[in-house]
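Residue strings, one per chain:
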Amino acid sequence: MFVGPGDGTLACACGRVLIAGYDPARFLGVAIRCGGCAEVTATPALPAGRAPPAAVVVAETVAEPRTATATLPADVHVAGRIEYDRIAALYLPHTPPDNVYRISADVLDRVAAWHEAAIGAPLPDGVVTGDDPFAGSMQHALAWAVAHLRGRLRADSWASRESEASSAAATNVAAFLHFVRTWSHHPLFPAMATTAAERGFSLHGLAPFAAAHCLAQQGNRIGFPTPKEVPGRIGFLYVAAGPSGMVAVHPEVFDRFEYPHGRAWTPAELQAAVSEVVQRAQGRINLKHPGILLLSPGVALGGYDEALIEAVKTAVQSAGRRNRGLMAVAPIVLRMQDTPDPQAVRFGYGLFPILNRHYRGETLAGAAG
C-alpha cells in the first residue's frame, strides 16, 4: 500500500507486505485490510504527550481495493480519518457557543480560581485608586480589572459601559474568559497560560492565541512549537502553507497609541509608526526566516482600528518588495458589541491579514501542536 522513508516493514499476519520503509511515527492510526486474507492491520495512534506532525495526509476509509502503491515524501505523515479527527479535537481551538459575558461576583470568583489553576499562584491583588482609575492596569491587567469590577459591584448600580475604566475592565475579564473557553482543553494550555501571564493576561498577552483562533476559523491549519521546558513559554505560532510547509507568525506589541497610556494618534503619525514596525521586522522576518507579522494594538479610540488596517495596507505595499520573506502583516483588533444587559459585554476579535504580493519565502518544515 505504502512505501515510506523508514527502515522497517509492516506485514499482515499472512505475510503480505503492507508498508515497506515503515516508520510507526509516520503512520498514525492507519488501518489496512489485506487484499489476500482480508485481515485488518492497524498502526499505533499518536502517543499521549507527543505533538502531532505538521504535514499530514488523511487516509480515508474506502471499500474499493487499492491497485497502486503510494510513495511518501520524507516530511509527510499519514493518519487514518478516525485518528485525525481525534487529534484535531485535542489541538484545534474550541469556539465558544456564545460570546456574551455577564460580570458578576461569581464570575470574578471563577476568574480568580481559573487563574490559580492555570498558573499555580493566586491572582495578585489589583491596585485601584480614585485619582487614576487605570492605576495598576499596566502592572497586571487582569488583577486590576477584577479589583475594579469588585468595587463597582458594591455600588447601588453600575454598567459595563459606564466609564472608560469599567469598559476596559469588563473587556479584560471577558478576554480572559474567552481564552480559557477556547484553549483550556489544549495539551499546551499550561504553556499558553504561562506566556499570557507574563503580560498580566492583558490583550497583548492573549493576542497570539486569539490570532490562532481566528486563523483556524478562517480555515487555516495552525500550531504551536512545543516548549522545551514545562510548562515553558510560547513565543510564536505556525500557520500551514501548503501540504508540508509551515510559516511562523511573530507577535508584535504595537501600543504606541493604546488608550489610556499611549499618545493621541493622527493618520500621519499612525502611518509612520506602522511603516517603522513593518520595516524593523525584516531583522527577524526575511527570505532566510519567512513569516507573518502579527500586530497587537490593544484598544485605541476614534476610528483607530479602521485607520490601522489602512495604514498596514500602505506599509505592506511599500515594504513588501524589499522584504519578500514577509508573507503578511495581520492586525488583530477587538470586535465589541452592546448587549441589552448593561452588566454584560459581547466579546470577539477580528484578524485582518494583509498579504504581501511580493512574497517569495520558502516555507519551513516542522512539527507544531
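Numbers given to residues run from 1 along each chain, matching the order in which its sequence is written. Thresholds applied to this predicted model are a pLDDT of at least 70 for local features of residues and 80 or more for the giving and counting of side-chain atom pairs; totals over whole chains, interfaces and linings are not thresholded and use all residues. By convention in this description, side-chain values take in all heavy atoms of the structure and omit both hydrogens and water.

### Section: the overall build of the protein
- Only DSSP runs of H or I covering at least 4 residues are called helices, and only runs of E covering at least 2 are called strands; the numbering of each starts at the N terminus. Along its length, the protein carries eight helices and 18 strands.
- Seen through its principal axes, the protein has C-alpha atoms that stretch 80 × 50 × 35 Å.
- Buried, partly exposed and exposed residues are distinguished by accessible area as a fraction of the type maximum, computed with a 1.4 Å probe on protein chains only: under 20%, between the cut-offs, and over 50%, respectively. In the protein, which comprises 369 residues, the share counted as buried stands at 47%.
- For the protein, the accessible area works out to roughly 17700 Å², and carbon and sulfur atoms hold 53% of it.
- Of note, the protein has its 31 positive side-chain charges centred 8 Å away from the centre of its 31 negative side-chain charges. Note on areas: these come from Shrake-Rupley sampling with a 1.4 Å probe, and a residue is covered only by the protein chains present in the view. When charges are counted, neither His nor the chain ends are considered; positive counts come from Lys and Arg and negative counts from Asp and Glu. Each charge is placed at NZ for Lys, CZ for Arg, CG for Asp and CD for Glu.

### Description of the packing of helix H3 (residues 141-153) against helix H4 (residues 164-183)
- A fitted line through C-alpha atoms serves as each axis, taken over the contacting stretch for helices, and the angle formed by two N-to-C directions is quoted from 0 to 180°. Running from amino to carboxyl end, H3 crosses H4 at an angle of 120°, the nearest separation of the two axes being 8 Å. When the axis of H3 is compared with that of H4, the two are oblique. H3 and H4 meet at a crossing whose hand is left-handed. The segment H3 lies against H4, with Ala-141, Leu-142, Trp-144, Ala-145, Val-146, His-148, Leu-149 and Arg-152 engaging Ala-165, Ser-166, Ala-168, Ala-169, Ala-170, Asn-172, Val-173 and Phe-176. For classification purposes, angles smaller than 35 degrees are called roughly parallel, those larger than 145 roughly antiparallel, those between 65 and 115 roughly perpendicular, and all remaining angles oblique. Take the far helix as your reference; a near helix turned counterclockwise from it by less than a right angle gives a left-handed crossing, and one turned clockwise gives a right-handed crossing. We call two residues contacting when some pair of their heavy atoms lies within 4.5 Å.

### Some remarks on the packing of H4 against helix H5 (residues 189-197)
- As a packed pair, H4 and H5 sit with axes 11 Å apart at the nearest point and diverge in direction by 160°. In terms of orientation, H4 lies roughly antiparallel with respect to H5. In the crossing of H4 with H5, the sense of the turn from one axis to the other is right-handed. Residues Phe-179, Val-180 and Trp-183 of H4 lie in contact with H5, whose contacting residues are Phe-189, Met-192 and Ala-193.
- Residue classes follow a fixed rule: Ala, Val, Leu, Ile, Met, Phe, Trp, Tyr, Cys and Pro count as nonpolar, while Asp, Glu, Lys and Arg count as charged, and any other residue, Gly among them, counts as polar. For the contact of H4 with H5, the class distribution of residues is six nonpolar, no polar and no charged.

### Examining the sheet that holds strand E7 (residues 56-59)
- Strand pairing requires that DSSP identify at least two bridges connecting the strands. Spatially, E4-E9-E7 is the arrangement adopted by the three strands of the open sheet, whose pairing is parallel. Of all the strands in the sheet, the pair left with one neighbour each is strand E4 (27-28) and E7.
- Relative to strand E9 (residues 77-80), E4 runs parallel, the two being bridged by two bridges. Paired with Leu-28 across the bridge in E9 is Ala-79.
- Here helix H1 (residues 81-91) sits on the sheet in contact with E4, E7 and E9, set at roughly 95° to E9.

### Focus: the sheet that holds strand E3 (residues 17-22)
- Within the open sheet, the four strands sit side by side as E2-E3-E1-E8. Their pairing is mixed. In this open sheet, the two strands that pair with only one neighbour each are strand E2 (8-11) and strand E8 (70-71).

### A few points about the pattern of salt bridges
- Each salt bridge in this description consists of a side-chain nitrogen of Lys or Arg and a carboxyl oxygen of Asp or Glu lying within 4 Å of one another. Evaluated as defined, the whole model comprises 16 salt bridges.
- Ionic pairing is found between Glu-83 and Arg-86, a salt bridge with its closest N-O pair at 2.8 Å. With a gap of three residues between them, Glu-83 and Arg-86 both fall in helix H1, about one helical turn apart.
- Overall, the relative accessible area of 36% leaves Arg-86 in the partly exposed class.
- Across the salt bridge formed by Asp-305 and Arg-335, the nearest N and O atoms sit 3.8 Å from each other. With Asp-305 in helix H8 (residues 304-319) and Arg-335 in the loop between strand E15 (326-334) and strand E16 (344-346), the pair connects residues that are 30 residues apart, well separated along the chain.
- On the basis of relative accessible area, Asp-305 is assigned to the buried category, the value being 16%.
- A single network of salt bridges, built from pairs that share partners, joins Glu-252, Arg-256, Glu-276, Arg-280 and Arg-284.

### Comments concerning the environment of Thr-266
- Position of Thr-266 among the secondary structure elements: in the loop between strand E13 (245-253) and helix H7 (267-280).
- For Thr-266, a relative accessible area of 35% translates into the label partly exposed.
- Distance from Thr-266 to Ser-137, taken between C-alpha atoms, is 25 Å for residues 129 residues apart in sequence.
- Pairs of N or O atoms are called polar contacts if they sit within 3.5 Å, as long as, within protein, a hydrogen donor faces a hydrogen acceptor (for residues adjacent in sequence, only side-chain-to-side-chain pairs). Within the local environment of Thr-266, its side chain forms a polar contact with the backbone nitrogen of Glu-269, the two atoms lying 3.1 Å apart.

### Things to note about the nonpolar core
- Grouped together as the largest cluster of nonpolar side chains are 61 residues, with contacts concentrated most on Val-173, Phe-179, Trp-183, Phe-224, Ile-332 and Tyr-349.
- With 11 residues, H4 is the largest single contributor of residues to this core.
- Buried Ala, Val, Leu, Ile, Met, Phe, Trp, Tyr and Cys residues form a nonpolar core when they are joined through side-chain atoms within 4.5 Å. Counting 24 residues, the second-largest nonpolar core is a separate cluster that includes Leu-295, Leu-308, Val-312 and Ile-354.

### With respect to H7
- Compared with an ideal rise of 1.5 Å per residue, which puts 14 residues at 20 Å, H7 spans 20 Å between its outermost C-alpha atoms and is within 8% of the ideal.
- Within H7, burial applies to Leu-270, Gln-271, Ala-273, Val-274, Ser-275, Val-277 and Val-278.
- Contacts from the buried residues of H7 go to E13, strand E14 (291-296), H8 and E15. The length a helix should cover is 1.5 Å for every residue beyond the first.

### As for the side chain of His-140
- Note on placement: His-140 falls in the loop between helix H2 (105-119) and H3.
- In terms of polar contacts, His-140 uses its side chain to reach the backbone amide nitrogen of Ala-143, at 3.1 Å.

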